[in-house]
Amino acid sequence: MIEEKIRIGRKKGIPKHRLIHYVRGQMDGSINILRFDSTANPQCSVPCVFCRKVLIKFDISVRCIGPSGESFCGNLQDDAAPVSKLTSGQKRRMHLRGDRID
């Protein structure tokens, strides 16, 4: 979603130093992340490590559901923000075992 906004901004001729402001404005500064299981119950929807970095870079606030079912709304740099994990594909690509980044 963010990559698409970046592509559109570049196509419109937005200067590189204004691109973050442009993308943030296009997204109204926030994003809702929801995941559901097969029975339509909401599940943990915390963004992965790499998505978290991009959301922090663009200063986009997030609304998601944490691992224990609590709702979180705010910036991912907050102390109360849920902890992000690597996806299995990210672990495979980085040749890691477990959730640690060394």
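Throughout, a residue's number is its position along its own chain's written sequence, starting from 1. For a predicted model such as this one, the threshold for reporting local features is a pLDDT of at least 70, and the threshold for listing and counting side-chain atom pairs is 80 or more; totals across whole chains, interfaces and linings nevertheless cover every residue. Each side-chain value is derived from all of the structure's non-hydrogen atoms; neither hydrogens nor water enter the calculation.

Caption draft 1: Representation of the sheet that holds strand S5 (residues 71–74). The mixed open sheet is built from three strands, whose spatial order is S1-S4-S5. The strands lining the two open edges of the sheet, one partner per strand, are strand S1 (30–32) and S5. When the angles between neighbouring strand axes are averaged without regard to direction, this sheet yields 10°. One bridge is not enough; two strands pair if DSSP finds at least two bridges between them. A helix here means a DSSP run of H or I that spans at least four residues, while a strand means a run of E at least two residues long, and both kinds are numbered starting from the N terminus. Here strand S4 (residues 61–65) pairs with S5 via four bridges, running antiparallel. The residue of S5 that forms the bridge with Ile65 is Ser71. To obtain an axis, a line is fitted to C-alpha atoms, over the contacting stretch when the element is a helix, and the angle between two such axes runs from 0 to 180 degrees between their N-to-C directions.

Caption draft 2: Local environment of the layout of surface pockets. Residues are said to line a cavity or pocket when one of their atoms sits within 4 Å of a point; the points come from a 1 Å grid over protein atoms alone, cavities being sets where a 1.4 Å probe fits but cannot get out and pockets being open sets with protein on both sides within 12 Å along at least five of seven lines. Grid points are joined across faces, edges and corners, and a volume is the space filled by probe spheres set on the points. Estimates place the volume of the largest pocket at around 300 Å³. Lining the largest pocket, in full, are Met1, Ile2, Glu3, Ile6, Ile31, Ile33, Arg35, Pro47, Phe50, Cys51, Val54 and Leu55. Among the elements that take part in the lining of the largest pocket, helix H3 (residues 49–57) stands out by supplying four residues, more than any other.

Caption draft 3: Molecular detail of the nonpolar core. Counting residues in hydrophobic clusters, the biggest one holds 17 residues, and the most contacted among them are Ile2, Val23, Ile31, Leu55, Ile60 and Val62. If you list the elements that add at least two residues to this core, you get helix H1 (2–11), helix H2 (19–26) and S4. Among the elements that make up this core, the one with the highest residue count is H2 (three residues). Should any heavy atoms of two residues lie within 4.5 Å, those residues are counted as being in contact. Excluding its chain neighbours within four sequence positions, the residues that come into contact with Val23 are Ile2, Lys5, Ile6 and Phe58. Here, the term nonpolar core denotes a set of buried Ala, Val, Leu, Ile, Met, Phe, Trp, Tyr and Cys residues that are joined through side-chain atoms within 4.5 Å. Throughout, exposure labels follow a simple rule: accessible area from a 1.4 Å probe, protein chains only, divided by the maximum for the residue type, with under 20% read as buried, over 50% as exposed, and the rest as partly exposed.

Caption draft 4: Molecular detail of H2. Along H2, the residues that are buried comprise Leu19, Tyr22 and Val23. Around the axis of H2, the buried residues are gathered within 95° of arc, so they sit on the same side. Structurally, H2 contributes buried residues whose contacts are with H1. Looking one or two residues beyond H2, the residue adopting positive phi is Asp28, at roughly 60°. By arc we mean the arc of the directions from the helix axis to the C-beta atoms, nothing more.

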